[in-house]
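Here are the chains, one letter per residue:
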Amino acid sequence: MLTNAPVTTILPVGDMARATSFYRDRLGLEDLGDSPSGNHVLRTTAGATIELMAAEPGAQSAHTAATFGVGDVAAEVAELESRGVTFEDYDLPELKTVGHIASVGDDRAAWFTDSEGNILCLHQLER
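The rules behind these values
Residues numbered from 1 in each chain as written. Predicted model: local features only at pLDDT ≥ 70, side-chain atom pairs only at ≥ 80, totals over all residues. Heavy atoms only, no water. Pairing = 2+ DSSP bridges. Helix = DSSP H or I, 4+ residues; strand = E, 2+ residues; numbered from the N terminus. Axes fitted to C-alpha atoms, helices over the stretch in contact; angles between N-to-C directions. Salt bridge = Lys/Arg side-chain N within 4 Å of Asp/Glu carboxyl O. Buried < 20%, exposed > 50% of the residue type's maximum accessible area, 1.4 Å probe, protein only. Contact = heavy atoms within 4.5 Å. Arc of directions from axis to C-beta. Polar contact = N/O pair within 3.5 Å; in protein donor to acceptor, adjacent residues only side chain to side chain.

S.K.: Go over the sheet that holds strand β4 (residues 49-54), please, and point to the residues and values.
M.R.: Taken together, the four strands give an open sheet; going across it, the order is β1-β4-β3-β2, and neighbouring strands pair in mixed fashion. Either end of the sheet is taken by a strand with one partner, and the two such strands are β1 (8-13) and β2 (30-34). The sheet shows a mean angle of 25° between the axes of neighbouring strands, taken without regard to direction. With four bridges joining them, strand β3 (residues 40-43) and β4 adopt antiparallel strand pairing. Bridge assignment links V41 to a residue of β4, and that residue is E51.

Set out below in structure tokens:
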């Protein structure tokens, strides 16, 4: 059943070496190398995997492609900024960030893009 199936996020990348470096060196994911399909695989310590798929520039979508659930979004933002990750800021009627973090009710989130333009999110898990 799908309810027991692990999920892998596959992200389109224009430059495999640059993207691999971003996910490995800036985000700290474990580099597992190439899969039989030719995608490049990285893994979180929690066991989630991201596969980087070679694609033409512009293949990235305009919406959030992957979300990382974290215990403390402010601490993760600070850590990733120290590794050179740049966060997006929004000042919209329905979404405003303060210190790169949006709060909607009990939800807290922050967005950034990878080296290829894929939009990624940090989402604080409920305590």
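S.K.: Which residues make up the sheet that holds strand β6 (residues 97-98), and what values go with them?
M.R.: In spatial order, the strands read β5-β9-β8-β7-β6; together these five strands make up an open sheet with mixed pairing. Edge positions in the open sheet fall to β5 (64-70) and β6, since each of these has one partner strand only. Here strand β8 (residues 107-113) runs beside strand β9 (residues 119-124); their pairing, made up of five bridges, is antiparallel. Along β9, the bridge assignment pairs A110 with L122.

S.K.: Any details on the pattern of salt bridges? Residues and values, ideally.
M.R.: Opposite charge on two side chains permits them to pair, given that their charged atoms come into close proximity. All chains considered together, the criterion is met by six salt bridges. Residue E116 is joined to R18 by a salt bridge in which the shortest nitrogen-to-oxygen separation is 2.7 Å. Taken together, the positions of E116 in the loop between β8 and β9 and R18 in helix α1 (residues 16-26) put the pair 98 residues apart, joining distant regions of the chain. Measuring nitrogen to oxygen at the nearest pair gives 3.3 Å for the salt bridge that ties R24 to D31.

S.K.: Could you give an account of unusual backbone geometry, naming the residues involved and the relevant values?
M.R.: For H100, which is not a glycine, the phi torsion comes out positive at approximately 75°. Residue placement: H100 occurs in the loop between β6 and β7 (101-104). Residue class for H100 comes out buried when judged on its relative accessible area of 18%.

S.K.: So what's going on with the environment of I50? Residues and values would help.
M.R.: You can see I50 is positioned in strand β4. Residues I50 and M16, 34 residues apart in the sequence, show an inter-C-alpha distance of 13 Å. The residues contacting I50, other than those within four sequence positions of it, are T8, T9, L11, Y23, L29, H40, V41, L42 and F68.

S.K.: Can you tell me about α1, naming the residues and giving the values?
M.R.: All of the buried residues in α1 are A19, T20, F22 and Y23. In an axial view of α1, the angular spread of the buried residues amounts to 155°, which keeps them on one side of the axis. On its buried side, α1 packs onto β1, β2, β3, β4, β8 and β9. Capping of α1 at its N-terminal end is provided by D15; its side-chain oxygen lies 3.2 Å from the backbone amide nitrogen of A17.

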